[in-house]
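Fold and contact review
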Amino acid sequence: MTPVLKISNLHKRFGEVEVLKGIDLTLAKGDVVSLIGPSGSGTTTLLRCVNLLEDFENGSVEIAGEAIGYRAAGEVRRRLPERQIARQRAMTGMAFQQFNRVPHMTALRNVMLGLIKTKKMHRDEARVIAETWLDRVGMGQRKDHYPGQLSGGQQQRVAIARAIAMNPQLMLFDEVTSALDPELVGEVLAVVRDLAADGMTMLLVTHEMRFARDVSSKVVFMHQGRIHEEGPPEQIFGAPRSERLQGFLSNSTI
Amino acid sequence: MNFSLFLTDLWAARMSLLSGLGETVLISVSAIVLGSLLGVLVGLALTYGHWSLRFIVRIYSDFLRGTPVFVLILACFYVLSVVGLDLSAFQAGVLALTMFCSSHVGEIVRGALKAIPKGQTEAAKSVGLTFGQTFFSVLMPQALRQILPSWVNTATEIVKASTLLSIIGVVELLLATQQVISRTYLSLEFYFFAGLVYFLLNFVIEQAGRAVERRISIPR
Amino acid sequence: MDYDFNFSVVWRNWDLLAQGLGLGLFLAVISIGIGCGIGLIAAFGMLSRHRPARLCALVYVSAIRNTPILVLILFTYFALPQMGIALGKISSFIVTMSIYAGAYLAEVFRSGLVALPRGLREAGLAIGLTELRIKAYIIIPVMLRNVLPSLSNNFISLFKDTSLAAAIAVPELTYYARKINVESFRVIETWMVTSLIYVVACYLIAALLRRLEQHLALPH
């Protein structure tokens, strides 16, 4: 079966600094993979490359067998036209650390926007789907609120609904709880856990080690742009092999 | 467009255009200097004045800022002669621009003084400075730095507004240009030329303002 | 001062004044509408990755902002026909004012765009919108709401600048004021009433726009 996500030999540099130095990672359907690592290890950049928010110089990213972002034309690789890239971006859903709310639209219209404009759905159909997902994340009661009227945790749940409503093959979560007050973290993690239980394929960057251990089928520890150690959560958290990972874990709160 | 013809005519008209430019500069400088002086008083009155003074100055300022400059110029020009003040068109125009400038500078000054944290005045008082000393040694140096960009902007506004004096017959650069056009019929070239001269005047003022701003900026 | 005030001559012409005021407002509304379109294009131009686009937008904005509006008005009306572009008084004035407003609004929009959080664009990208759609549905609506106060101020100055249409005999308020002035010789009354109309109109427009701002403000 074709993997949902296949990253091969991915290289990415910001100017002089190489932040990803050859990443290989494969996710089968239903996999939940957590990326952990100290800041600067490249976890967030990797996620952003998968959603084509960053260009990458070398290697390939395939989603459901389709190479995204670039096509090889003989020796040179060319960036795909914008329309193609937009379509490929919609194959993955992404939730951001800063929620990236669209402040002039209600929760409902936030979720409907992509359905109507990208998926060309009829308004009524989009509304039904949006309402269903807002209910799922526990925001059905507040669908007519503007982001400014919602707490951080509620905004983040709307943002997740906005991404998941697009029916993506893969969900990307980029430190979705880092900007939240501690008492709001739980409600967001509950939503993510719920999606995982539902069989959604997910790749997430997180600093919540306990959560990563509970929800993941695999944990990947990154260091200085490379995958340093990977394995099932019991092994990564229970019996870390490398000193680096041991050091990292002893400095993290579990 | 006949460029060599334009250059010949431009050379022939150089004296009248130069004298027009001189008039423009004279009008602008007078209005900016007088208006700024008056404006500082307006600003002080608006910030520190007794409430009755504040009320009167507020009406003065709001009325001037709500009226188009052009109407102000026409009003000064027509009204003053009726009330027996025998001003030339030049003087009436400069008076109008001065009042216009003073209302804008007044608001800028007020804003700048209001923006200075209250603690500073109190700190100055606590070390025994009088209001005058506090104002000149603590408040004004800071306010001046904050005022500069908007003040430069007001100055360019005055230069641009000086063109309106052409309508009441003051032969500044624009009217001088129009007179040349009525002789040469080269309206496109000469209007463009006038626009360019104004652009350069304002550009120079802006750049000079930026240079001063850089010199006096407080490092942080 | 011996002067018998007699406002009846001015009030007798209230219909002309009202007509003039109406035309001025009409000109301002049309011009700010077109100006917003031009300003948006210029603002995106100034922030573009392409050097030529940046350069074009920058030249447009600084050239127009540093040139007196009266020169622009006269240029469009008197000089452009020399190039075969002959417009009527009103349309020529609207063209000038739109281009003029566009340059000022470009600066307003540019700073509004720069102030937006980067995540806003990425929110759109992540749900598969193209750049153009992100601008139309997300970036521009949010930015416009944020700059609404500056937009209001620009509209009010634009309205005051419509007084300059009198210079090319467009029959707006100032034009009729001059006419009444000449015909009635009630100089003081005419100009008092005229500037009062402008001041009150500006005040009302400002109050109205403030209401609109509150109405459009996002709930918190």
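Let me sum up the structure you'll find in this document.

Below, the discussion takes up the packing of helix H8 (residues 148-161) of chain C against helix H10 (residues 187-216) of chain C. Residue and element names in this part refer to chain C. Where H8 meets H10, the closest approach of the two axes is 10 Å, and the angle between their N-to-C directions is 160°. Judged by the angle between their axes, H8 and H10 are roughly antiparallel. Read as a crossing pair, H8 and H10 show a hand that is right-handed. The segment H8 lies against H10, with Leu148, Pro149, Ser152, Phe155, Ile156, Phe159 and Lys160 engaging Tyr198, Ala201, Cys202, Ile205, Ala206, Leu209, Glu213 and Leu216.

The next thing to look at is the pattern of salt bridges. All names here are of chain A. With the rule as written, the count across this model stands at 24 salt bridges over all chains. Of the charged contacts in the structure, one is a salt bridge between Glu54 and Lys12, with a shortest N-O distance of 3.9 Å. Of this pair, Glu54 sits in the loop between helix H1 (43-50) and strand E4 (58-63) while Lys12 is found in strand E1 (residues 5-14), placing the two residues 42 residues apart along the sequence. Here Glu54 and Lys12 have matching classes, each one buried.

Once that is clear, we can look at the interface of chain C and chain A. Facing the 22 residues of chain C at the interface are 27 residues of chain A. Our count for the chain C to chain A interface comes out at 1 salt bridge. Those elements giving two or more residues to the side of chain C that touches chain A turn out to be helix H6 (119-126) and helix H7 (131-146) of chain C. Considering every element that reaches the side of chain C that touches chain A, the biggest residue donor is H7 of chain C, with 8 residues. Residue classes in the side of chain C that touches chain A are distributed as 13 nonpolar, 4 polar and 5 charged.

There is about 1000 Å³ of room inside the second largest pocket. Leu47, Arg49, Arg121, Glu131 and Lys135 of chain C are, among the 31 residues lining the second largest pocket, the residues nearest its centre. Taken together, the elements giving at least two residues each to the lining of the second largest pocket come down to helix H2 (82-89) of chain A together with helix H5 (89-115), H6 and H7 of chain C. Within the lining of the second largest pocket, the residues separate by chemical class into 17 nonpolar, 2 polar and 12 charged.

Conventions used here
- Residues numbered from 1 in each chain as written.
- Chains lettered and ligands numbered in written order.
- Predicted model: local features only at pLDDT ≥ 70, side-chain atom pairs only at ≥ 80, totals over all residues.
- Heavy atoms only, no water.
- Axes fitted to C-alpha atoms, helices over the stretch in contact; angles between N-to-C directions.
- Helix = DSSP H or I, 4+ residues; strand = E, 2+ residues; numbered from the N terminus.
- Parallel < 35°, antiparallel > 145°, perpendicular 65-115°, else oblique.
- Left-handed = near helix turned anticlockwise from the far one by under 90°.
- Contact = heavy atoms within 4.5 Å.
- Salt bridge = Lys/Arg side-chain N within 4 Å of Asp/Glu carboxyl O.
- Buried < 20%, exposed > 50% of the residue type's maximum accessible area, 1.4 Å probe, protein only.
- Nonpolar A, V, L, I, M, F, W, Y, C, P; charged D, E, K, R; others polar.
- 1 Å grid on protein atoms, 1.4 Å probe; cavity = no way out; pocket = protein on both sides within 12 Å on 5 of 7 lines; lining within 4 Å.
- Points joined across faces, edges and corners; volume = space filled by probe spheres on them.

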